[in-house]
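Examination of the molecular architecture
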Amino acid sequence: MSQTTLTQQDHLVTAPNSLEGLVSDWSTDQEVFKKVQWGKAMMWIFLLSDTFIFSCFLTSYMTVRASTTVPWPNPSEVFALTLFGQNVPLILIAIMTFVLISSSGTMAMAVNFGYRRNRKMTAALMYATALLGLMFVSMQAFEWTKLISEGARPWANPWGAPQFGATFFMITGFHGLHVTIGVIYLTIIATRVLNGVYDRNGKYEVVEIAGLYWHFVDLVWVFIFAFFYLW
Amino acid sequence: MDHATNISQAPAPQAANARDDAGQQHPLGIYFKIWGLLFFLSLMSYLVDYLGFQGLLRWSLILTFMFMKAGLIVSVFMHMMWERLALMYAILLPPLCLIVLVGLMSLESDYTHWTRVIFFEAATEVQPVEH
């Protein structure tokens, strides 16, 4: 340990402007987020940058919706489904919301069982989370198909302001992409949990890091649900 | 040195339990409670639409339920309330500058809206009179 510190010191002194010096400057034994695994800190920083991306989408949605003089389509009617002969407003979106919240719940439990070193329960709960995520994406695919068949396009739609289509496809599409990536990510980590990879190397925080990503996807949906579907 | 001791402890399961951070071990009950609460809040926000509330009541309720849900997810499910203050501030403070963006964009959209109302709608209204 003391030896590596010595060599790092050497780089600092002898060649601070070389590539080695640059690497050494960035990798010396310093940390801001003490007792936080680097993977977790990096995931949080990635999620922070993603927050800004989604915020840009939602802010531009606010801007086009507030500036148009054509009436905005009523999401309550656009996303209504006819169930058992009755027109239920926004029902598909409500079901999607509950599915995503349930997946967040199973994910939180998976993290908990991970830290209890319960390999099988962790993997099972993560697979359940991925399955719920898959359900969400499928329902979103259904929603897109329905809207497109009714004539919604990014540049026009039969219900009102043309900007509706552009923001709808952009925002829900980007969120759906996140869910899809999350499903793949969770499936990979769950399989590694089941194979005992983290029992061997003791790094069960990998499950928590995957969980952070998944909860973030749910968090973004909370804002999309409020601003796009309910407003 | 501090970092190095963390790494050397990580592979040992018993040692990991002893560390105050890595555990993030909380009784399962809290997750069930938050889960139930999130279901309830989602149901309430859906009811806002179902019962057809409008105006100030509608958007104040939507925002209230939204921020409550977001807070519960970040603080409990993402364990932020148990993290160190350094991480908490690094992640939660930067998004506050979005308030500036939203403020600027709402001014801008107001301006665009009134420009459209004054010039475009006036033009379409004038035309029938001339013909």
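The model shown is predicted, which means the values in this text are computed figures rather than measured ones.

Looking now at helix H6 (residues 119–149) of chain A. Residue and element names in this part refer to chain A. A rise of 1.5 Å per residue sets the reference length of H6, with its 31 residues, at 45 Å; its end C-alpha atoms lie 45 Å apart and thus fit the reference within 8%. Among all positions of H6, only Thr122, Ala123, Leu125, Met126, Thr129, Ala130, Leu132, Gly133, Phe136 and Leu147 are buried. Of the surrounding secondary structure, the elements contacted by the buried residues of H6 are helix H5 (91–115), helix H7 (163–194) and helix H9 (205–230).

Glancing now at the environment of Gly211(A). Residue and element names in this part refer to chain A. Structurally, glycine 211 can be placed in helix H9. Assessed through the 28 C-beta atoms surrounding it within 10 Å, glycine 211 is described here as buried. In contact with glycine 211, not counting residues within four places along its chain, are Met107, Ala108, Ala110 and Val111.

The subject of this paragraph is the nonpolar core. By size, the foremost hydrophobic cluster in this structure holds 70 residues, and its most contacted members are Ala110(A), Met126(A), Leu186(A) and Phe225(A). Listed by contribution, the elements that provide at least two residues to this core are helix H3 (38–67), H5, H6, H7 and H9 of chain A together with helix H3 (28–50), helix H4 (55–77) and helix H5 (85–92) of chain B. Aside from chain neighbours lying at most four places away, what touches Leu186(A) is Met126(A), Thr129(A), Ala130(A), Ala210(A) and Trp214(A).

A few words now on the interface of chain A and chain B. Between chain A and chain B, the residue contacts involve 47 residues of the former and 56 residues of the latter. Breaking the side of chain A that touches chain B down by element, the ones donating at least two residues are H3, H5 and H9 of chain A. Looking at the side of chain A that touches chain B residue by residue, the class counts come to 24 nonpolar, 14 polar and nine charged.

For the α-helix, the turn length of 3.6 residues means that residues three or four positions removed from each other point alike. All names here are of chain A. Between its terminal C-alpha atoms H5 stretches 37 Å, which fits the 36 Å expected from 25 residues at 1.5 Å a residue. Among the 25 residues that make up H5, 19 are buried, leaving the element largely enclosed by the rest of the structure. Looking one or two residues beyond H5, the residue adopting positive phi is arginine 117, at roughly 60°.

Below, the discussion takes up the packing of H3(B) against H4(B). Residue and element names in this part refer to chain B. Contact geometry of H3 with H4 gives a least axis separation of 10 Å together with a crossing angle of 160°. It follows from the interaxial angle that H3 and H4 lie roughly antiparallel. Both H3 and H4 take part in a crossing whose hand is left-handed. On the side of H3, the interface is formed by Ile30, Ile34, Leu37, Leu38, Leu41, Met44, Ser45 and Val48, while H4 contributes Arg58, Leu61, Ile62, Phe65, Met68, Lys69, Leu72, Val76 and Phe77. Residue composition of the contact of H3 with H4, grouped by class: 14 nonpolar, one polar and two charged.

Reading the values: the criteria
Residues numbered from 1 in each chain as written. Chains lettered and ligands numbered in written order. Predicted model: local features only at pLDDT ≥ 70, side-chain atom pairs only at ≥ 80, totals over all residues. Helix = DSSP H or I, 4+ residues; strand = E, 2+ residues; numbered from the N terminus. Expected span 1.5 Å × (residues − 1). Buried ≥ 20, exposed ≤ 12 C-beta atoms within 10 Å, placed from the backbone. Contact = placed C-beta atoms within 7 Å. Core = buried A, V, L, I, M, F, W, Y, C linked by C-beta atoms within 7 Å. Nonpolar A, V, L, I, M, F, W, Y, C, P; charged D, E, K, R; others polar. Axes fitted to C-alpha atoms, helices over the stretch in contact; angles between N-to-C directions. Parallel < 35°, antiparallel > 145°, perpendicular 65-115°, else oblique. Left-handed = near helix turned anticlockwise from the far one by under 90°.

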